[in-house]
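So the chains spell out like this:
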Amino acid sequence: MIEINEVTKKFQDKKVFVTALKHVSFSVKKGQIVGLLGENGAGKTTLLRTIATLLTPTEGSVSVGGYDTVKNPDEIKRKIGVLFGGETGLYDRLTARENLEYFAALYGLSKHETKVRIDDLAKMFGMKDYLNRKVGGFSKGMRQKVAIARTLIHNPEIILFDEPTTGLDITSSNVFRQLVHQLKREGKTIIFSSHIMEEVSMLCDTVAMIHKGELVHHGNLEQLYKSEGSRDLNYIFMSKLVRGNDYYAS
Ligand SMILES: Nc1ncnc2c1ncn2[C@@H]1O[C@H](COP(=O)(O)OP(=O)(O)O)[C@@H](O)[C@H]1O
Ligand SMILES: [Mg+2]
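Quick caveat: nothing in here was measured; it's all calculated off a predicted structure.

1. Observations regarding the overall build of the protein chain
Point 1. Looking only at helices and strands, one finds nine helices and ten strands in the protein chain.
Point 2. Here the C-alpha atoms of the protein chain give a radius of gyration of 18 Å, agreeing with the 18 Å that 2.2 N^0.38 yields for 250 residues.
Point 3. C-alpha atoms of the protein chain, sized along the principal axes, occupy 55 × 40 × 35 Å.
Point 4. Here the protein chain holds 250 residues, and the buried ones make up 51% of them.
Point 5. By sequence separation, contacts in the protein chain at least 24 residues apart represent 67% of the contacts at least 6 residues apart.
Point 6. Surface summary for the protein chain: the accessible area is close to 12,400 Å², and the carbon and sulfur share equals 49%.
Point 7. For the protein chain, the distance from the average site of its 35 positive side-chain charges to the average site of its 29 negative ones is 3 Å.

See below:
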């Protein structure tokens, strides 16, 4: 479903080159929920943006549903929903419903499809009461729900969430967690970045750990617990960082 093949990404910051990703390779199967773990600056956002066709790899390639992110970005954009932390992409002067209608139109949904989809999402997120209010006056949690609904408006097969619960209160975080469970039941493929170990261990089948641009571990979470003789993901994560890249050695 998603194949990340030897991806290196370098940014030029004035005269200095920053290598955000170094030869990262792993694949994600349909229906998998993958947690992307890493410290600030590890390369999580860069990797998600590369999968989302928003960045071109300096070396290597990424394919999504059989399409190459550089050669066929439009095919991929239809299949994926993306939500990047911090930027909700919502228009403050529009109501929640108008925002969702706007994004539905971009994806070519009909009026009827749009209405049904917005009603479903509003129900799922408990947004009915404020659907017709302007987003400008919304709390962070309310905004985040609308932003997540926006991400899902075209019913994408693959969903990428960049730190979806950072800065949210417990109630909003729980809404996100329930949503991931529901999307999993629907057979969606999800990659989300997080530094909240509890969240990753609760929701994910698989973890990918990146440290300074390198993939230090990728694999099934239960197998990882077994091989490490511990279920303390925080401890495992820290010890992987200390040991460095054991992924290709194993
Ligand atoms: N547009 C950019 N220009 C220059 N450097 C960047 C750019 N985007 C990211 N970087 C650098 O790449 C590295 C990885 O960043 P990022 O992917 O945002 O990490 P994370 O999301 O894990 O915190 C960091 O050193 C960051 O400063
Ligand atoms: Mg980031």
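Here the narrative resumes.
2. Looking at helix H9 (residues 233–243)
Point 1. Those residues of H9 not exposed but buried are Leu233, Ile236, Phe237, Ser239, Lys240 and Leu241.
Point 2. Where H9 is buried, its residues contact strand E3 (33–37), helix H7 (197–203), strand E9 (206–211), strand E10 (214–220) and helix H8 (221–228).
Point 3. Measuring from the side-chain oxygen of the N-cap residue of H9 to the backbone nitrogen of Asn234 gives 3.2 Å; that N-cap residue is Asp232.

3. So, empty space enclosed by the protein
Point 1. The final tally for this structure, using the stated rule, is one cavity of 30 Å³ or more.
Point 2. Size it by volume and the largest cavity reaches roughly 40 Å³.
Point 3. In terms of lining residues, the largest cavity is bounded by Gly141, Gln144, Lys145, Ile148, Leu168, Ser172, Val175 and Phe176.
Point 4. Of all the secondary structure elements, the ones that give two or more residues to the lining of the largest cavity are helix H5 (140–152) and helix H6 (170–185).
Point 5. In terms of residue count, the dominant contributor to the lining of the largest cavity is H5 (four residues).
Point 6. The residue inventory of the lining of the largest cavity, partitioned by class, reads four nonpolar, three polar and one charged.

4. Describing the pairing of strand E1 (residues 2–13)
Point 1. Sheet analysis places E1 next to strand E2 (residues 16–28), joined by nine bridges and oriented antiparallel. The residue of E2 that forms the bridge with Asp13 is Val16.
Point 2. What sits between the antiparallel neighbours E1 and E2 is a turn of two residues, in which Lys14 has the positive phi angle 55°.
Point 3. The pairing of E1 with strand E4 (residues 59–64) spans five bridges and is classified as antiparallel.

5. Overview of the side chain of Asp68
Point 1. Relative to the helices and strands, Asp68 resides in strand E5 (residues 67–68).
Point 2. As a buried residue without a salt bridge, Asp68 has its nearest oppositely charged side chain in Lys71, at a separation of 4.7 Å.
Point 3. Within the local environment of Asp68, its side chain forms a polar contact with the backbone nitrogen of Lys71, the two atoms lying 3.0 Å apart.
Point 4. Discounting chain neighbours no more than four positions away, the residues touching Asp68 are Ser61, Val62, Ser63, Pro73 and Ile76.

6. Looking at the packing of aromatic side chains
Point 1. One pass over the structure, following the stated rule, counts five aromatic pairs.
Point 2. Where Tyr91 meets Tyr102, the ring centres are 5.4 Å apart and the plane angle is 85°; that geometry is what we call edge-to-face. Residue Tyr91 is located in the loop between strand E6 (80–83) and helix H3 (96–106), and its partner Tyr102 is located in helix H3; the two are separated by eleven residues in the primary sequence.
Point 3. For Tyr91, a relative accessible area of 42% puts it in the partly exposed group.
Point 4. Ring geometry for Tyr102 versus Phe103: centroids 5.2 Å apart, planes at 80°, classification edge-to-face.
Point 5. For Phe103, a relative accessible area of 10% puts it in the buried group.
Point 6. Every member of this aromatic cluster is reached through a ring pair, and the members are Tyr91, Tyr102 and Phe103.
Point 7. The residue whose ring lies beneath Arg49 is Phe84, and the NZ or CZ to ring-centre distance is 5.0 Å.

Cut-offs used in this document
- Residues numbered from 1 in each chain as written.
- Chains lettered and ligands numbered in written order.
- Predicted model: local features only at pLDDT ≥ 70, side-chain atom pairs only at ≥ 80, totals over all residues.
- Heavy atoms only, no water.
- Helix = DSSP H or I, 4+ residues; strand = E, 2+ residues; numbered from the N terminus.
- Rg over C-alpha atoms; globule rule 2.2 N^0.38 Å.
- Buried < 20%, exposed > 50% of the residue type's maximum accessible area, 1.4 Å probe, protein only.
- Contact = heavy atoms within 4.5 Å.
- Areas by Shrake-Rupley, 256 points an atom, 1.4 Å probe, with all protein chains shown as cover.
- Lys, Arg positive; Asp, Glu negative; His and termini not counted.
- Charge placed at Lys NZ, Arg CZ, Asp CG, Glu CD.
- Polar contact = N/O pair within 3.5 Å; in protein donor to acceptor, adjacent residues only side chain to side chain.
- 1 Å grid on protein atoms, 1.4 Å probe; cavity = no way out; pocket = protein on both sides within 12 Å on 5 of 7 lines; lining within 4 Å.
- Points joined across faces, edges and corners; volume = space filled by probe spheres on them.
- Nonpolar A, V, L, I, M, F, W, Y, C, P; charged D, E, K, R; others polar.
- Pairing = 2+ DSSP bridges.
- Salt bridge = Lys/Arg side-chain N within 4 Å of Asp/Glu carboxyl O.
- Phe/Tyr/Trp six-rings, centres within 6.5 Å; stacked < 30°, edge-to-face > 60°.
- Lys NZ or Arg CZ within 6 Å of the ring centre and 35° of its normal.

What is shown is where atoms sit, not what they do.
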